[in-house]
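Listed below, chain by chain, are the residues.
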Amino acid sequence: MNPSDATDSSDSTRVSLTEMGIWGRRLTVQLGDQHEEVWTQIIGDRTEALERGHEAMQRKLLEFRLGSERGEALTEALMLAPQPDLIAMVLEAERSQMQSRLRREIPDPVSPRRDAAAGERIEDFARRAEDHHGRCAAQAEARAARLEQLLAARREELLALPREELVELARPRRIDVECWNAFARTCDDWVLLRAVRRAEDHDQPYFQQIADVQALHPEVKEQLRRGYRELEHPEGDALPKFSAATPDSDSTT
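Since this is a predicted model, take the numbers as computed values, not measurements.

Quick word on helix H3 (residues 69-80)
Residues separated by three or four positions in an α-helix point in the same direction, a consequence of the helix having 3.6 residues per turn.
Here is step 1 of the chain: The terminal C-alpha atoms of H3, which comprises 12 residues, lie 17 Å apart, in line with the 16 Å expected from a rise of 1.5 Å per residue.
Here is step 2 of the chain: The complete set of buried residues in H3 reads Gly71, Leu74 and Leu78. Down the axis of H3, the buried side of the element spans an arc of 60°, and every buried residue falls inside it. Relative to its buried face, H3 has exposed residues pointing more than 90 degrees away, namely Glu69, Glu76 and Leu80.

Here's what the structure looks like:
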């Protein structure tokens, strides 16, 4: 075989390392009778988005510190909130602890292993594995039933608490929700800043700074976010994994 033939056959699949694993598609954003065509592509680098998200989360947490204006406003709002809403916040915050406790108290049986050394046949092992699956399902049902009992009992306890105590229990959960919302919103904004390109030139970013993304109409941003998620779906992650070359992040703040 002529070495030049091998070179020619590989040239068609040869790409720059900075472009490898990066794919995209054209997206039409529609709002009323207006529309725009953009190109969205996988950007890969979750680090920048996550870092910005964590920064936003920390800022939001500081906003609600005790004695702050936002902190006092939150407490006042919770004092006026319906009792069932406050109880729901507390139960949601405590649910994961209850689930962890139940996984210890009602554990799944140990996963079986095929005893090939003793000559266990594949068919026999398959029956044991199926039985194990059934017992795990039964344990899961038992945990779910017990969890409902614990939640019901805790709900009765919360109903008997004075509103001030209930607010103090609900407050951390509400702050947690606000912080995670800030994290998710900021992560999405930074992903869109890097992912959305000009339809006529895929190397040209559509947005010049993060403020451009933040100022978008909510429906426009939702269409872009949904389009990126659909593009990213084959990878299975909420945020991109690896990086194509992007401008220095400090230049967009």
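With respect to the environment of arginine 185
Here is step 1 of the chain: Locating arginine 185 in the fold gives a position in helix H6 (residues 163-195).
Here is step 2 of the chain: Given a relative accessible area of 45%, arginine 185 falls into the partly exposed group.
Here is step 3 of the chain: Separated by 129 residues in sequence, arginine 185 and alanine 56 have C-alpha atoms that sit 9.0 Å apart.

Regarding the sheet that holds strand S1 (residues 24-31)
By definition, the strands of a sheet pair up through backbone hydrogen bonds, in either a parallel or an antiparallel sense.
Here is step 1 of the chain: Pairing is antiparallel in the open sheet, where 4 strands are placed in the order S1-S2-S3-S4. The sheet is open, and its two borders are formed by S1 and strand S4 (201-205), each paired with just one other strand. Strand-to-strand, the axes of this sheet are offset by a mean angle of 55°, without reference to chain direction.
Here is step 2 of the chain: In this sheet, strand S3 (residues 196-198) lies alongside strand S2 (residues 34-41) in antiparallel orientation, the contact comprising 3 bridges. Across the sheet, valine 38 pairs through a bridge with arginine 198, a residue of S3.

Considerations on the pairing of S2
Here is step 1 of the chain: Bridge analysis of S1 against S2 gives 8 bridges, and the strand direction is antiparallel. Considered in S2, the bridge of leucine 31 is made with glutamine 34.
Here is step 2 of the chain: Linking S1 to S2, which pair antiparallel, is a turn of 2 residues; within it glycine 32 sits at a positive phi near 65°.

Calculation notes
- Residues numbered from 1 in each chain as written.
- Predicted model: local features only at pLDDT ≥ 70, side-chain atom pairs only at ≥ 80, totals over all residues.
- Heavy atoms only, no water.
- Helix = DSSP H or I, 4+ residues; strand = E, 2+ residues; numbered from the N terminus.
- Expected span 1.5 Å × (residues − 1).
- Buried < 20%, exposed > 50% of the residue type's maximum accessible area, 1.4 Å probe, protein only.
- Arc of directions from axis to C-beta.
- Pairing = 2+ DSSP bridges.
- Axes fitted to C-alpha atoms, helices over the stretch in contact; angles between N-to-C directions.

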